Amino acid sequence: MIRRITSLLVLLSLAVPASGLEPIPDKLVVLTFDDASKSHHSIARPILLKHKFGATFFVTEGFDFPTNKKDYMTWDEIEQLNKDGFEIGNHTIDHKGVTDKTVGDLAAQVKAINARCKEHNIPQPVSFAYPGNAITKEALPILKDLGIKFARRGGAPEYPYKEGRGFAYEPGLDHPLLVPSAGDSRPTWTLDDLKVAVSQARHGKIAVLQFHGVPDTAHDWVTTKKEQFEAFMRYLADEKFTVIALRDLAKFVDPDVVPSNPFGAIEDRQKLLEAKRDPSNARPAKGDDELRYWLDNALVNHRFTATEAGAALGLTADEVATATKRLGFDPTKRPERKPGDPLLVLPYPGGRHPRTGFRDGAIRPQRETKASVFAPWADGGYAVADVPEAVWFEPAPKKPELLYLAHTHVPTTWDRQKVTLDPLEWTRNKDGSLTLERTLPNKVTLASKVVPGKDGVRMEFRVTNGSDQKLTGLRVQMCVMLAGLTGFDKLTNENKVFASPFAACKDATGKRWIITAWERCGRAWGNPPCPCIHADPVVEDCPAGETKSVRGWLSFYEGTEIDAELKRLKTVAFE
């Protein structure tokens, strides 16, 4: 059985991202060691070699490194670590904290360690660790200019430094130069503390562990006893974790993909902790029928990896493989669209972020508003329509506020009132259509409908005002995300046409198009870093007790006469 499951896992992991990066597996751990402690060479090194683990040793000449060879390594010992295949990272020459006041010295501090590495035939470091775990946004462009790809911080500010706790690294959300520590070993740490830290290494997250000396004879407040460390490494080996150096993240993560707000992920986690909310968006299936549907949806139609499907369902990759085998379907068999069939529309399962590149504008996306529309041509992939992504209104004149948002990024009116909206699901109808209805705490109901046809997908969005106040300033964002659509992932607006009420995008060949439109379109636009297209409608003011609605459209076109196609659609899109 183990052999069969392993074979199935190989099949389930074949969906390599278009960028050529490897899918992030469950149980991926990064080991890091700070301060050039003597025990890194004498004690940690043989244990790591025994288990064939990768690791990064962050080197500094701070403290009394130059004269104290009892507590700190020699450069010959550091050079030996490099020869053993371990990564030597940069921890500044003087171990000076990186703050707003000291950041002006950062370049010189980093270059000095680079020079020392060069003297000892050690590659110029591409990884950095913040001394004392102090961080500032001002350091990021400096580190980038110096060739640093990944920089590790501590578990603060999300958790107090003294606790040694932290969050796993979330690529695409965390800035690669602000990689958090999932755990920072302390003298009081037990195996249970390690388990808490590395248990986060699932669903596309990576647990980065921070150690100092093993033991740290110069800094007893961050020491780890040899016996502790041996038990930690034995656990990682026995549980079959993949243990790598920080530089090796480049196999899985593009360090050039950065958020516009470097602290966005940190601020989001702080809000979650304050509200005592679970950061996971996983939706466990209720029973085998539902599990079979979502596994088929994710693995067969969306071509997710086992890890991505597990993230959607709250399962490990192994559990996905076991369930797939038990339920008896082959994830490699792809459905074929016959001539005359309507376009395929399915609920987006979550688990894989629907955007590529720019993601901090859609932190922790909810799946209930997202419908995947599959291209009519072979291996065309799918676009994800957010119906709606956001609904704005004006409870006070000229003061727009979010009535609803399908992810966490900007506080909604409910966030400000500390009200949490329950997760919902699309209703899947026999004719292939999807419907969704949400009644908000103020008795305003938002309803969406997505109906597939042979020539296109018709959509509708309704607002029913059950409150006693007139709803004004109703603006809706209807985002169509193109990351999953084969050939449409170029991060630009040069491949798009905006002719309200239409927004259209062509693929790399210039011969295939996706088109969307909404009635009462207030703005047709695209966001290159996503990539996505919008045709955002303005809904009429809605008095108490009334309903207002707008209709939408999504279709595909093969050809080069896009202007003629848009002219044709004007007569059919909103029939």
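Remember, it's a predicted structure, so these values are computed and weren't measured experimentally. (Residues numbered from 1 in each chain as written. Predicted model: local features only at pLDDT ≥ 70, side-chain atom pairs only at ≥ 80, totals over all residues. Heavy atoms only, no water.)

Caption draft 1: Broad picture of the packing of aromatic side chains. Under the defined criterion, the tally for this structure stands at 18 aromatic pairs. Summarising the aromatic geometry, the rings of Phe128 and Tyr130 are spaced 5.2 Å apart at their centres and angled 85 degrees between planes, so their arrangement reads as edge-to-face. Looking at Phe128, the relative accessible area reads 0%, which means it is buried. With relative accessibility at 0%, the residue Tyr130 sits in the buried group. Centroid distance Tyr348 to Tyr382: 6.2 Å. Interplanar angle 45 degrees. Geometry classified as tilted. In this pair, Tyr348 sits in the loop between β9 (345-347) and β10 (370-374) while Tyr382 sits in strand β11 (residues 382-396), placing the two residues 34 residues apart along the sequence. Neither Tyr348 nor Tyr382 differs from the other in exposure class; each is buried. An aromatic cluster is built from Phe33, Phe57, Phe86, Trp189, Phe211, Phe229 and Phe232, whose rings are joined through pairwise contacts. Across the ring face of Phe241, the terminal group of Lys27 is positioned such that the distance to the ring centre comes to 5.4 Å. It is Lys69 that lies over the ring of Phe65; its NZ or CZ is 3.5 Å from the centre. (Phe/Tyr/Trp six-rings, centres within 6.5 Å; stacked < 30°, edge-to-face > 60°. Buried < 20%, exposed > 50% of the residue type's maximum accessible area, 1.4 Å probe, protein only. Helix = DSSP H or I, 4+ residues; strand = E, 2+ residues; numbered from the N terminus. Lys NZ or Arg CZ within 6 Å of the ring centre and 35° of its normal.)

Caption draft 2: Spotlight on the nonpolar core. Counting 47 residues, the largest nonpolar core has Leu446, Val450, Phe461, Ile514, Leu554 and Phe556 as its most contacted members. Of all the elements, β11 adds the most residues to this core, at 5 residues. The residues contacting Phe556, other than those within four sequence positions of it, are Leu343, Val373, Phe374, Ala375, Pro376, Trp377, Leu485, Trp513 and Ile514. One finds Ile78, Ala201, Ala207 and Phe241 within the second-largest nonpolar core, a separate group that totals 41 residues. (Core = buried A, V, L, I, M, F, W, Y, C linked by side-chain atoms within 4.5 Å. Contact = heavy atoms within 4.5 Å.)

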